[in-house]
Amino acid sequence: MNKAIYTGALGACLLIGAAASAQNPIIRDQFTADPTARVFEGKVYLYPSHDIISPVEPERKWFCMADYHIFSSEDLMNWTDHGVLISQENVPWGKPDGYSMWAPDCVEKNGKYYFYFPNAPKSGRGFAVGVAVADKPYGPFKPEAEPIKGVMGIDPCVLNASDGTSYIYWSGMGLRGAKLKDNMLELDGESVRLDEPLPAGFKEGPFIFEREGRFYLTYPWVQDRTETLAYAMSDNPLGPYEYKGLIMDQSQSSCWTNHHSLVEYKGEWYLFYHHNDYSPQFDKNRSARIDKVRFNEDGTIQTVTPTLRGVGISPASSLIQLDRYSFMSGGGTFVDFLDTQKPFDGWFVNLPRPQTWVEYEDIDFGNKAPKKIRIRYRSEAGAAMGFSAEENKDFATVKFPSAKTWTEITAPMDLELTGICNVHAAVNSGDIQIDWITFE
């Protein structure tokens, strides 16, 4: 980031309300792929698939899922794990050791919650799609005895259109869609092919939503070597759909898949997607992320750039992970795991020389200015750093003794900070690695 951008990014702290901290990925104790987000009862509920390392074939290099978890959040930052929604051995029609519980969805209709999921059937080949029903978005869910007749494939998505009708979409012999009966368990007519007028290339994972009277067919699409997220628009739920462009470009780190959902919550639109953050050497173990989505005046979607920072406002009193940065200098800076054998322990940021820096946006200092900054670090030779929230004004200068193991240090605040600020941490001398900072 050049000096001009740095000046504009920091500026003065904003005095606005705040919530809790969040960074990408959003679930940090297990793998969570294919995240479908829905708004129920004033919260966002997340229904992802659950990647695991295959317990029956340790060397199996493919997707492996045995169950589903449910997560919820009121602020998109603190997520509650409601536990296992359903496991493969509890599906009456499914193969109990198939490890094939791929991307799901959940919708509400007439006071009931319907969870749609693919699975390998006990007999035959391929995938079927089943339904589990509950009275609450967090369950308990009871699976139906049989899968939906006429749906063979993966990645189910259900749309409750504004006129009261419901539709199901899936990947199987192309992207397909069909109307659902009011019981939400049966097709109401034959399915139709949706992707034939779209540009060529492998497509899967349809997610359909309605906005301002128009319908958006969004889907992972292999345009080149890995999956982008693309979309098309129509005036009708079952098309025809007209291709419009990309929501997200293909991964720069060669994670082969992407899978997503889009949701409006409290006046903002968000893209939920996944990446192999916790498993960079094996892209079949993915983790859910969130970034904001913006629409143009004509209804088209602006391309989303994936970030580590994610969404939300971090309280100054929380452990702020600078490795989930908003901006970072060059000059040898990098992010790495604290322990490569324990990826869920998280990362650190390496600042190897003077004039290297990292910046983290949207930290809430509240109305009462903190007195101290506390930092977990390690440094071969020791270092000196300046921490600023306005250009050329350090609110803290910290001298770090040499420490070859992770060590905490506390330093006084030289300036008072309140409200929402962006914090810029720059090395003045020496070298340093930082795990987190917090304010007291």
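Residues numbered from 1 in each chain as written. Predicted model: local features only at pLDDT ≥ 70, side-chain atom pairs only at ≥ 80, totals over all residues. Heavy atoms only, no water.

J.: For the layout of surface pockets, give the residues involved together with the corresponding values.
T.: If you add up the space inside the largest pocket, you get close to 750 Å³. If you go around the largest pocket, you meet 31 residues; those closest to its centre are K292, R294, G310, V311 and G312. Residue assignment for the lining of the largest pocket shows that the elements contributing at least two residues are β18 (268-275), β19 (287-293) and β24 (357-364). Looking at the lining of the largest pocket residue by residue, the class counts come to 14 nonpolar, seven polar and ten charged. Estimated volume of the second largest pocket: approximately 640 Å³. What lines the second largest pocket is a set of 29 residues, and nearest its centre among them are S253, H275, D277, R289 and L308. (1 Å grid on protein atoms, 1.4 Å probe; cavity = no way out; pocket = protein on both sides within 12 Å on 5 of 7 lines; lining within 4 Å. Points joined across faces, edges and corners; volume = space filled by probe spheres on them. Helix = DSSP H or I, 4+ residues; strand = E, 2+ residues; numbered from the N terminus. Nonpolar A, V, L, I, M, F, W, Y, C, P; charged D, E, K, R; others polar.)

J.: Describe the sheet that holds strand β4 (residues 80-87), listing the residues and the values that go with them.
T.: Read from one edge to the other, the open sheet built from four strands follows the order β1-β2-β3-β4, with strand pairing classed as antiparallel. Of all strands in the sheet, those bounded by a partner on one side alone are β1 (33-40) and β4. Strand-to-strand twist of the sheet, defined as the mean angle between neighbouring strand axes without regard to direction, takes the value 25°. Here strand β2 (residues 43-49) runs beside strand β3 (residues 67-73); their pairing, made up of three bridges, is antiparallel. What sits directly across from Y45, in β3, is S72. (Pairing = 2+ DSSP bridges. Axes fitted to C-alpha atoms, helices over the stretch in contact; angles between N-to-C directions.)

J.: Can you break down the side chain of T356 residue by residue, with the values?
T.: The topology assignment puts T356 in the loop between β23 (347-351) and β24. One polar contact links the side chain of T356 to the main-chain carbonyl oxygen of R353, over a distance of 2.6 Å. With residues up to four places along the chain from it excluded, the contact list for T356 reads S329, G330, G331, T333, L351, A425, A426 and V427. (Polar contact = N/O pair within 3.5 Å; in protein donor to acceptor, adjacent residues only side chain to side chain. Contact = heavy atoms within 4.5 Å.)

J.: Account for the packing of aromatic side chains, naming residues and giving values.
T.: How two aromatic rings sit relative to each other is set out by the distance from centre to centre and by the angle between their planes. The tally for this structure, following the rule as stated, stands at 31 aromatic pairs. Here F40 and Y47 contribute two aromatic rings whose centre-to-centre distance is 6.4 Å and whose plane-to-plane angle is 65°, an arrangement assigned as edge-to-face. Residue F40 is classed as buried on the basis of its relative accessible area, which comes to 9%. Ring centres of Y216 and Y231 lie 6.4 Å apart, and the angle between their planes is 20°; this geometry places the pair in the stacked category. (Phe/Tyr/Trp six-rings, centres within 6.5 Å; stacked < 30°, edge-to-face > 60°. Buried < 20%, exposed > 50% of the residue type's maximum accessible area, 1.4 Å probe, protein only.)

J.: Got a sec to walk through the pairing of strand β5 (residues 105-109)? Specific residues and values, please.
T.: With four of five residues buried, β5 is to be regarded as a mostly interior element. Here five bridges tie β5 to strand β6 (residues 112-119), and the two strands are oriented antiparallel to one another. Across the sheet, K109 pairs through a bridge with K112, a residue of β6. Here β5 folds back onto β6 in antiparallel fashion, the turn holding two residues, of which N110 has a positive phi close to 55°.

J.: An account of the nonpolar core is needed here, citing residue identities and associated values.
T.: A general trend in soluble globular proteins is that nonpolar side chains are found buried together. Ranked by size, the top nonpolar core spans 34 residues in total, and within it I373, I375, F387, F395 and F400 carry the most contacts. Contributing elements (two or more residues each) for this core: β23, β24, β25 (372-379), β26 (383-390), β27 (393-400), β28 (403-412), β29 (420-430) and β30 (432-439). Residues within four places of I373 in sequence aside, it is in contact with F387, F395, A396, V398, I409, T410, A411, M413, T438 and F439. In terms of nonpolar packing, the next biggest core, distinct from the first, is built from 33 residues, I208, Y216, Y273 and I301 among them. (Core = buried A, V, L, I, M, F, W, Y, C linked by side-chain atoms within 4.5 Å.)

J.: Mind laying out the pattern of salt bridges, listing which residues take part and the relevant values?
T.: This structure, assessed with the given rule, holds 18 salt bridges. Of the charged contacts, one joins D105 and R38 as a salt bridge, the two residues approaching to 2.8 Å between their closest N and O atoms. Of this pair, D105 sits in strand β5 while R38 sits in strand β1, and the two are 67 residues apart along the sequence. As far as the burial class goes, D105 and R38 line up, both buried. As a salt-bridge pair, E212 and R211 come within 3.7 Å of each other at their nearest N and O atoms. Sharing partners across several salt bridges, the network here consists of D34, D51 and R286. (Salt bridge = Lys/Arg side-chain N within 4 Å of Asp/Glu carboxyl O.)

J.: Tell me about the state of the cysteines, and name the residues and values.
T.: In total, this model carries zero disulfides according to the counting rule given. Free of any disulfide, C64 has its nearest cysteine sulfur in C255, 17 Å distant. Owing to a relative accessible area of 1%, C64 belongs among the buried residues under this scheme. (Disulfide = S-S within 2.5 Å.)

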